[in-house]
Amino acid sequence: MALTRLLAPGRATLARGAVGVRAAAQLRFSSTYDNLLVTRPAAGVQLVTLNRPKALNALSTPLIADLHAALRAADADADVGVVVLTGSEKAFAAGADIKEMKDKTFADVATENFIAGWSAAMQIRKPVIAAVNGYALGGGCELAMMADIVYAGDKAVFGQPEIKLGIIPGAGGTQRLTRAIGRARAMELILTGANFSAEEAAAWGLVARVFPAAELVDEAVKTAARIAGMGRLAVLAAKQSINYGLEVGQAEGLVFERKTFHSLFATADQKEGMAAFAEKRKPRFTHA
Ligand code: CAA
């Protein structure tokens, strides 16, 4: 399981194939997990790479436990503003681990509340950007949809193929896909188990941007670094306000937003942000 350590400059590890902005960044942090690579490619950005290549990052129980630990650690780390979650160029994640699931009975899955912990693993206060290359199928698609922003490589393949296994999506597919792309398309995709492309995912609003596969992670890290440079209290508040609004009616969401907006006037970052504007200089946010 998770053993986190701080490394001296020069000893930090990079995910295989890491280039560009990641390689150029001053890395001083690394963590060790059985099923993840965790690095700090830019100030304020934690890059979490699913790393179970032989099973195309199938989301086994140990992998989800590692993810839970890594995201909790990122959320608690004052040096982290944003998490980027990615996989390999072949697979973001090919779904729940079918070999782990295949002999489970109803009593088994109901008793252990199988996969209930997945959403909990992804529930952190800081923004998570999913950078999806390759297959994002079943639970892989669901994991991406739990992120706050989804970027895709141009060859990414999304899908909820559970129906072909005699089951349905169990980690939010019927809910989040429907909210993201609408009932008509979600119904067709989930009932047929058909895959869809990065281009379709972007056109339908599931994916914010599509990049050439080789540039995807660097682009996600760039966006993450930009967000990490904002006042963190405002970033957390914006994420919370958007997500809360999706769970409640608009009137309640608007009240929540306004109260949250008012509360930010108690922060040093609001004073600094507005003073910097008036003085025509860049703000120096202190996250206070
Ligand atoms: N679980 C366990 N192992 C998996 C896996 C999965 N979801 N997906 C791939 N693997 C394993 C394969 O068994 C194979 O292992 P071996 O070498 O030991 O045989 C290895 O990963 C490589 O896979 P393939 O040889 O199949 O690679 P491919 O390039 O020919 O095909 C693929 C890639 C189209 C993604 C194919 O692997 C596939 O269809 N995978 C399953 C996708 C799927 O059905 N996902 C939904 C799972 S159910 C779910 O997620 C429920 C939920 O809602 C939470």
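Predicted model only: the values in this text are computed from it and were never measured.

## Let's talk about the sheet that holds strand β11 (residues 195-197)
An order of β6-β8-β10-β11 is seen for the four strands of this open sheet, with the pairing classed as mixed. If you trace the sheet from one side to the other, it starts and ends with β6 (91-93) and β11, each paired once. Neighbour-to-neighbour, the strand axes of this sheet turn through a mean angle of 25°, independent of strand direction. In terms of strand pairing, strand β8 (residues 135-137) meets strand β10 (residues 157-159) through three bridges, oriented parallel. Along β10, the bridge assignment pairs Leu137 with Gly159.

## Some points on the site of the ligand
Around the ligand sit 24 residues in total, of which Lys90, Lys99, Gly139, Glu142 and Glu162 are the nearest. Between an oxygen atom of the ligand and a side-chain N or O atom of Lys90, the distance comes to 2.7 Å. Here a nitrogen atom of the ligand and a backbone polar atom of Ala94 are 2.9 Å apart. With the chains in place, 65% of the 990 Å² that the ligand exposes on its own is no longer accessible. For the shell around the ligand, the secondary-structure elements that each account for two or more residues are α3 (98-101), β8 and α6 (139-146).

## Points about α6
Among the eight residues in α6, eight count as buried, and that is most of the element. Looking only at α6, the buried set comprises Gly139, Gly140, Cys141, Glu142, Leu143, Ala144, Met145 and Met146.

## So, the packing of aromatic side chains
Taken as a whole and judged by the stated rule, the model has five aromatic pairs. In this structure, Lys104 is placed above the aromatic ring of Phe114, and the distance from its NZ or CZ to the ring centre is 5.1 Å.

## So, the pattern of salt bridges
One pass over the structure, following the stated rule, counts nine salt bridges. Here Arg40 makes a salt bridge to Asp77, at a shortest N to O gap of 3.1 Å. With Arg40 in strand β3 (residues 36-42) and Asp77 in the loop between α2 (61-76) and β5 (82-86), this pair connects stretches of sequence that are 37 residues apart. Put simply, Arg281 and Glu272 hold a salt bridge, and the shortest N to O gap is 2.7 Å. A relative accessible area of 26% means that Arg281 is categorised as partly exposed. Via salt bridges that share partners, Glu272, Glu279 and Arg281 belong to a single interconnected network.

## Points about unusual backbone geometry
Of all residues except glycine, most have a negative phi; of all peptide bonds, most are trans. Phi is positive for Ile115, which is not a glycine, with a value near 65°. Considering the arrangement of structural elements, one finds Ile115 in the loop between α4 (106-112) and α5 (116-122). Here Lys280, not a glycine, exhibits a phi torsion of approximately 55°, which is positive. Locating Lys280 in the fold gives a position in the segment after α13 (268-278).

## Observations regarding the confidence of the model for the protein
Model confidence for the protein is summarised by a mean pLDDT of 91, while 89% of its residues fall at 70 or above. Overall, residues 1-28 carries pLDDT values under 50, and its contacts beyond four positions in sequence, including any with other chains, amount to 57 contacts.

## Focus: a nonpolar patch on the surface
Together, Ile163, Ile168, Met187 and Leu191 give the surface a local cluster of nonpolar side chains, amounting to about 370 Å² of exposed area. In this fold, Leu191 is placed in helix α8 (residues 183-192). Here Leu191 falls in the exposed class, since its relative accessible area comes to 54%.

## Comments concerning the packing of helix α11 (residues 232-247) against helix α12 (residues 250-263)
Put simply, α11 and α12 touch, their axes get as near as 9 Å, and they point 170° apart. By the criterion of interaxial angle, the relationship of α11 to α12 is roughly antiparallel. Facing Ala237, Gln240, Ser241 and Tyr244 of α11, the residues of α12 in contact are Glu252, Phe256, Glu257 and Thr260. The residue makeup of the contact of α11 with α12, split by class, is three nonpolar, three polar and two charged.

## Looking at the side chain of Glu272
Positionally, Glu272 belongs in helix α13. A relative accessible area of 16% means that Glu272 is categorised as buried. For Glu272, the contacting residues outside a window of four places in its chain are Arg281, Lys282, Pro283, Arg284 and Phe285.

Calculation notes
- Residues numbered from 1 in each chain as written.
- Predicted model: local features only at pLDDT ≥ 70, side-chain atom pairs only at ≥ 80, totals over all residues.
- Heavy atoms only, no water.
- Pairing = 2+ DSSP bridges.
- Helix = DSSP H or I, 4+ residues; strand = E, 2+ residues; numbered from the N terminus.
- Axes fitted to C-alpha atoms, helices over the stretch in contact; angles between N-to-C directions.
- Near = heavy atom within 4 Å.
- Polar contact = N/O pair within 3.5 Å; in protein donor to acceptor, adjacent residues only side chain to side chain.
- Areas by Shrake-Rupley, 256 points an atom, 1.4 Å probe, with all protein chains shown as cover.
- Buried < 20%, exposed > 50% of the residue type's maximum accessible area, 1.4 Å probe, protein only.
- Phe/Tyr/Trp six-rings, centres within 6.5 Å; stacked < 30°, edge-to-face > 60°.
- Lys NZ or Arg CZ within 6 Å of the ring centre and 35° of its normal.
- Salt bridge = Lys/Arg side-chain N within 4 Å of Asp/Glu carboxyl O.
- pLDDT = per-residue confidence, 0-100.
- Contact = heavy atoms within 4.5 Å.
- Patch = residues over 30% accessible without salt bridge, like charges linked within 9 Å, V, L, I, M, F, W, Y side chains within 5 Å.
- Parallel < 35°, antiparallel > 145°, perpendicular 65-115°, else oblique.
- Nonpolar A, V, L, I, M, F, W, Y, C, P; charged D, E, K, R; others polar.

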